[in-house]
Amino acid sequence: MTDPLPPAASLRQVVLAAAGQDVRQCRGCALCDMRLDQAQDVSVPALVQLVLFNDEEVLTSRTLWSEAVLAEARQLCTKNLRLDLILLALRDEARRRGLDAPA
């Protein structure tokens, strides 16, 4: 059984605990940097950086909530980060904090 997250867990810790994905494994190659949805407001590499910087803006980004991005996310990372699991963990965290998808 995993330990519960501390009250002030960083977004990186949240993703690691919920999805088993360590965003520190991102090497910044930017091969995942492509527009998958016209509604994207940040690129996928920028989304990962926001998580690393513990920037809560990521939780309300249109990119995070895009179904088109989620549908392609599993195949995006050449370093085998499961970006789909990362997105889902972040969505769950946003909901836990009472945040919804942007209108």
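Residues numbered from 1 in each chain as written. Predicted model: local features only at pLDDT ≥ 70, side-chain atom pairs only at ≥ 80, totals over all residues. Heavy atoms only, no water.

### Details of the nonpolar core
Point 1. Within the largest apolar cluster, 27 residues are counted, with the highest numbers of intra-cluster contacts made by Val58, Leu83 and Leu90.
Point 2. For this core, the secondary-structure elements that each account for two or more residues are helix H1 (11-19), helix H2 (44-52), helix H3 (62-65), helix H4 (67-73) and helix H5 (83-96).
Point 3. Considering every element that reaches this core, the biggest residue donor is H5, with six residues. (Core = buried A, V, L, I, M, F, W, Y, C linked by side-chain atoms within 4.5 Å. Buried < 20%, exposed > 50% of the residue type's maximum accessible area, 1.4 Å probe, protein only. Helix = DSSP H or I, 4+ residues; strand = E, 2+ residues; numbered from the N terminus.)

### Notes on empty space enclosed by the protein
Point 1. Under the counting rule described, the total for this entry stands at two cavities of 30 Å³ or more.
Point 2. One number sums up the size of the largest cavity: a volume of about 90 Å³.
Point 3. Contributing to the lining of the largest cavity are 15 residues, with Cys26, Arg27, Cys29, Cys32 and Cys77 lying nearest its centre.
Point 4. Each pocket or cavity is described by its volume, and for the second largest cavity that value is around 40 Å³.
Point 5. The wall of the second largest cavity is formed by Val44, Leu47, Val69, Ala73, Leu76, Leu83, Ile86 and Leu87.
Point 6. Counting residues per element, the ones that place at least two in the lining of the second largest cavity are H2, H4 and H5.
Point 7. Taken together, the residues that form the lining of the second largest cavity break down as eight nonpolar, no polar and no charged. (1 Å grid on protein atoms, 1.4 Å probe; cavity = no way out; pocket = protein on both sides within 12 Å on 5 of 7 lines; lining within 4 Å. Points joined across faces, edges and corners; volume = space filled by probe spheres on them. Nonpolar A, V, L, I, M, F, W, Y, C, P; charged D, E, K, R; others polar.)

### Focus: the pattern of salt bridges
Point 1. On inspection of all chains with the given rule, the structure shows eight salt bridges.
Point 2. The closest approach of N and O atoms between arginine 96 and glutamate 93, which form a salt bridge, is 2.6 Å. Taken as a pair, arginine 96 and glutamate 93 lie in helix H5 at a separation of three residues, close to a single helical turn.
Point 3. The closest approach of N and O atoms between glutamate 93 and arginine 97, which form a salt bridge, is 2.7 Å.
Point 4. By relative accessible area, which is 6% here, glutamate 93 ends up buried.
Point 5. Classification of arginine 97 by relative accessible area gives partly exposed; the value is 27%.
Point 6. Salt bridges sharing partners connect three or more residues here, namely Glu56, Glu93, Arg96 and Arg97. (Salt bridge = Lys/Arg side-chain N within 4 Å of Asp/Glu carboxyl O.)

### Focus: H1
Point 1. Among all positions in H1, only Leu11, Arg12, Val14, Val15 and Ala19 are buried. On an axial view of H1, the arc spanned by its buried residues comes to 160°, and they lie on one face.
Point 2. If you follow the buried residues of H1, they end up packed against H2 and H5.
Point 3. Immediately downstream of H1, the backbone of glycine 20 shows phi near 70°, a positive value. (Arc of directions from axis to C-beta. Contact = heavy atoms within 4.5 Å.)

### Structural notes on the packing of H1 against H5
Point 1. The N-to-C vectors of H1 and H5 enclose an angle of 115°; their axes lie 9 Å apart at closest approach. The angle between the axes of H1 and H5 places the two elements in the roughly perpendicular class. Where H1 crosses over H5, the handedness of that crossing is right-handed. Only Leu85, Ile86, Ala89, Leu90 and Glu93 of H5 make contact with H1, whose side of the interface consists of Leu11, Val14, Val15, Ala18 and Ala19.
Point 2. Across the contact of H1 with H5, the residue classes break down as nine nonpolar, no polar and one charged. (Axes fitted to C-alpha atoms, helices over the stretch in contact; angles between N-to-C directions. Parallel < 35°, antiparallel > 145°, perpendicular 65-115°, else oblique. Left-handed = near helix turned anticlockwise from the far one by under 90°.)

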